[in-house]
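Examining the three-dimensional arrangement
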Amino acid sequence: MSRDLDLPEGDEKYFEEAEPVRVFDSNLLREPISVLPHPKPITLAPHDSVTDAMRAMQSEHRGYVAITQDGTPSTPIMGVFTERDVLLRIVDRGRNPATLPLSEVMTRDPEVLPDTARIAHILNKMCVGGFRHVPVVDPRGCPVTVVSVKDVVEILVDSFPREVLNLPELEVPAIPKFREGA
């Protein structure tokens, strides 16, 4: 559109340069996982109880615990315990979390990624492996962090805040409060 148009006073604002439209770009997938939130992992030892793990997960607002031989992040990861394990390996089987050691219900030798991985690697592990949490380890196999689906979603929202956060509310059909019919 030409800027040499004869426009009424004040209408120029309608023809100002628009911001470029941002599209999902493969460069985001090439970003290192270090751009994701990376809190220190919660680590416990295999002899710690499930109750200890659940309390740690609750207090830190996370859905996992990394298991190392001595319960510190300075030794290689040997297992992971997640909120999914609570449901499938404890609640579903009627086990007592207070007396149950993590070694009996943790996922042993979990699939991990090196701390040099890219966001695409995390997405691949999550999608192909069906994982909601992926441990990230240093060259010695020690846990550096655990990336959750929530972390990936946050980076996507941070990358496209206007497109995601400024959406109008959708109208949801009213759900009847009382059952109708037979």
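These remarks concern the structure in this document. This one's a predicted model, so the numbers in the text were calculated from it and none came from an experiment.

**What about the pairing of strand S3 (residues 77-82)?**
The element S3 is extensively covered by neighbouring structure, given that five of its six residues are classed as buried. Two strands pair when backbone bridges link them, and strand S2 (residues 64-68) and S3 are joined in this way by five bridges, in the antiparallel orientation. Looking across to S3, one finds that isoleucine 67 is bridged to glycine 79. As paired elements, S3 and strand S4 (residues 107-108) share two bridges and run antiparallel to each other. Within S4, the residue paired with valine 80 across the bridge is threonine 107.

**Notes on the pairing of strand S7 (residues 143-148)**
Among the six residues in S7, five count as buried, and that is most of the element. Two elements, strand S6 (residues 133-137) and S7, share five bridges in a ladder whose sense is antiparallel. The partner of proline 135 across the bridge, within S7, is valine 146. Taking the residues between adjacent antiparallel strands as the criterion, S6 and S7 are bridged by five residues, where glycine 141 takes a positive phi near 90°.

**Topic: unusual backbone geometry**
The backbone of histidine 61 shows a phi angle near 55°, a positive value even though the residue is not glycine. Examined against the element boundaries, histidine 61 turns out to sit in the loop between helix H2 (50-60) and S2. Although it is not a glycine, aspartate 109 adopts a positive phi angle of roughly 45°. Along the polypeptide, aspartate 109 turns up in the loop between S4 and strand S5 (113-114). By relative accessible area, which is 65% here, aspartate 109 ends up exposed.

**A look at the sheet that holds S5**
Spatially, the three strands line up as an open sheet ordered S5-S6-S7, and their pairing is mixed. Edge positions in the sheet fall to S5 and S7, since each has one partner strand and no second. Strand direction decides the pairing type here: S5 and S6, joined by two bridges, are parallel. Along S6, the bridge assignment pairs leucine 113 with valine 136. Its contacts with the sheet put helix H4 (residues 119-129) on S5, S6 and S7, and the angle it makes with S6 is roughly 135°.

**Quick word on H4**
Turning to H4, its buried residues are Ile119, Ile122, Lys125 and Met126. Taken around the axis of H4, the buried residues stretch over an arc of 125°, which confines them to a single face. Looking at H4, the residues exposed on the side facing more than 90 degrees away from the buried face are Cys127 and Val128. Packing partners of the buried residues in H4 comprise helix H1 (26-30), S5, S6, S7 and helix H5 (149-159). Within two residues after H4, glycine 130 carries a phi angle of roughly 75°, on the positive side.

Calculation criteria
Residues numbered from 1 in each chain as written. Predicted model: local features only at pLDDT ≥ 70, side-chain atom pairs only at ≥ 80, totals over all residues. Heavy atoms only, no water. Buried < 20%, exposed > 50% of the residue type's maximum accessible area, 1.4 Å probe, protein only. Helix = DSSP H or I, 4+ residues; strand = E, 2+ residues; numbered from the N terminus. Pairing = 2+ DSSP bridges. Contact = heavy atoms within 4.5 Å. Axes fitted to C-alpha atoms, helices over the stretch in contact; angles between N-to-C directions. Arc of directions from axis to C-beta.

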